[in-house]
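Chain and residue survey
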Amino acid sequence: MTAEDLPSLRDRLRYTLDTEEAGDEFSRLEDDYYETARALAREAITDLAIMEPGDRERFLVAKEVYDLCDEVSRARWSKVRAFAVRLMGSESTTLPENLIGAEREYLLGVLELREGRR
């Protein structure tokens, strides 16, 4: 990834956050979106000269990518926890589509817990 790619990554994360906050559906994301996006942002700012206007802008975009990763993660985990509560009180074993690995594992653990309580 180059510095020129950061704005498109930021825009994709903004769209993902908007989608996550808009409803109960989960956006389609790679399992490692969080680590990958943050690593790409770090890589894009390794050669900054902070006194250069373009570099200041690049830093701000990279920071926004970092922050958006956190916000997307918070929004998704909030939905996962809410789904887990509903799952505990239902008979359903159907998990939502587009879960990443850690979310799926968490909800499968909730299902196991629910079955152990019966």
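Everything that follows concerns the structure shown earlier in this document.
What comes next concerns the included structure. Residue indices follow the written sequence of each chain, beginning from 1 at its first position. Local features are withheld for residues below a pLDDT of 70 in this predicted model, meaning they are given only at 70 or higher, and side-chain atom pairs are given and counted only at 80 or more; totals for whole chains, interfaces and linings count all residues. To get the side-chain values, take all heavy atoms of the structure and skip hydrogens and water.

**Considering the overall build of the protein**
Note the following rule: A run of H or I in DSSP counts as a helix once it spans at least four residues, and a run of E counts as a strand once it spans at least two, with each numbered from the N terminus. Computation of the radius of gyration draws on C-alpha atoms, with the globule rule given as 2.2 Å multiplied by the number of residues to the power 0.38. Every residue pair with non-hydrogen atoms within 4.5 Å of one another is taken to be in contact. In these tables, accessible area is a Shrake-Rupley quantity obtained with a 1.4 Å probe, and a residue counts as shielded only by the protein chains included in the view. Counted as positive: Lys and Arg. Counted as negative: Asp and Glu, with His and the chain ends omitted from the count. Taken as the charge location is NZ of Lys, CZ of Arg, CG of Asp or CD of Glu.
Helices and strands together make up the secondary structure of the protein, namely four helices and zero strands. Over its C-alpha atoms the protein spans a radius of gyration of 18 Å, topping by over 25% the 13 Å that the globule rule assigns to 118 residues. Overall size of the protein, expressed as C-alpha extent along the three principal axes, is 65 × 25 × 15 Å. Taking the intrachain contacts of the protein between residues at least 6 apart in sequence as the baseline, contacts between residues at least 24 apart amount to 66%. Entry remark: accessible area of the protein is about 7,400 Å², with carbon and sulfur atoms responsible for 52%. Charged side chains in the protein number 18 positive and 27 negative. The centres of these two groups are separated by 5 Å.

**Some points on the packing of helix H1 (residues 6-22) against helix H2 (residues 33-44)**
To keep it simple, the criterion reads: To define axes, lines are fitted to C-alpha atoms, for helices over the stretch in contact only, and angles between the resulting N-to-C directions are given on a 0 to 180 degree scale. The scheme is simple: roughly parallel for angles under 35 degrees, roughly antiparallel for over 145, roughly perpendicular for 65 to 115, oblique for anything else. Two helices crossing with the near one rotated counterclockwise from the far one by less than a right angle form a left-handed crossing, whereas a clockwise rotation gives a right-handed crossing.
Their axes nearest at 11 Å, the elements H1 and H2 cross at an angle of 150°. The angle between H1 and H2 falls in the class roughly antiparallel. The handedness of the crossing between H1 and H2 is left-handed. Contact with H1, carried on its side by Leu6, Leu9 and Leu13, involves Ala37, Leu40, Ala41 and Ala44 of H2 and no other residues of that element.

**Some thoughts on the packing of H2 against helix H3 (residues 53-88)**
For any two helices packed against each other, the geometry comes down to the angle between their axes and how far apart the axes lie. Applied cut-off: Residues are sorted three ways: Asp, Glu, Lys and Arg are charged, Ala, Val, Leu, Ile, Met, Phe, Trp, Tyr, Cys and Pro are nonpolar, and all the rest, Gly among them, are polar.
Taken N-terminus to C-terminus, the directions of H2 and H3 make an angle of 170°; their axes are 9 Å apart at the nearest point. Classified by the angle between their axes, H2 and H3 sit roughly antiparallel to one another. In this structure, H2 contributes Tyr33, Tyr34, Ala37, Arg38, Ala41, Arg42 and Ala44 to the contact, and H3 contributes Arg58, Ala62, Val65, Tyr66, Cys69, Asp70, Val72, Ser73 and Arg76. Considering only residue class, the contact of H2 with H3 consists of 10 nonpolar, one polar and five charged.

Note that every value here comes from positions in space, so none of it alone points to a role or purpose.
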